[in-house]
Amino acid sequence: MFLRSAVDGRPVKIAPSVCEGCGGRVFFVLVNASGVERECSGCDSRAFIADSGQYWNEESWEDDEPGAAGCPCGSEEFEAAVAFSLGTDGAVRWVTVGLRCIQDGFCGVYADWKIDYGPTDHLLTMV
């Protein structure tokens, strides 16, 4: 998977984003430091990645309003994957979102944030 090179040796679980509505794997993506929201290019269904929905409001954005993820080639359609870095106790400590452009294959980490609460098991299914 294209996100493997983005982790730093800590235990990690990696999962691809798949639309629950249609099974699609191509998305338009909004990102900021607080999280990621994806919109399926097949059925327009929207979903937040991990705990992004909890922080997805104007009060949390301050100087970091979400913007559309874009590839240097100009495309805004991506496959997405999420890496969950785990602590020694198995709890999620970091969420890293990688995107791969469907036009030219460009890959990059578009967002990552620390998780400093528990329990965190529910996050592993929110990709």
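So, a few notes on the structure that sits alongside this text. It should be emphasised that the depicted structure is a prediction, and the values quoted were computed from it without experimental measurement.

Counting its regular elements, the protein contains one helix and eight strands. For the protein, the proportion of its 127 residues judged to be buried stands at 40%. Here the contacts in the protein between residues at least 6 apart in sequence split such that 51% fall between residues at least 24 apart. By element, 47% of the accessible surface of the protein is carried by carbon and sulfur atoms, the whole surface being about 6800 Å².

Moving on, we come to the nonpolar core. The nonpolar side chains of a soluble globular protein tend to be buried with one another. In this structure, Val36, Phe84, Val95, Val97 and Trp113 are the most contacted members of the largest nonpolar core, which totals 26 residues. Counting residues per element, the ones that place at least two in this core are strand E2 (27-32), strand E3 (35-40), strand E6 (78-86), strand E7 (92-101) and strand E8 (107-114). Those residues in contact with Val95, other than ones at most four positions away along the chain, are Ala50, Val82, Ala83, Phe84, Ala111, Asp112, Trp113 and Ile115.

About the cut-offs
- Residues numbered from 1 in each chain as written.
- Predicted model: local features only at pLDDT ≥ 70, side-chain atom pairs only at ≥ 80, totals over all residues.
- Heavy atoms only, no water.
- Helix = DSSP H or I, 4+ residues; strand = E, 2+ residues; numbered from the N terminus.
- Buried < 20%, exposed > 50% of the residue type's maximum accessible area, 1.4 Å probe, protein only.
- Contact = heavy atoms within 4.5 Å.
- Areas by Shrake-Rupley, 256 points an atom, 1.4 Å probe, with all protein chains shown as cover.
- Core = buried A, V, L, I, M, F, W, Y, C linked by side-chain atoms within 4.5 Å.

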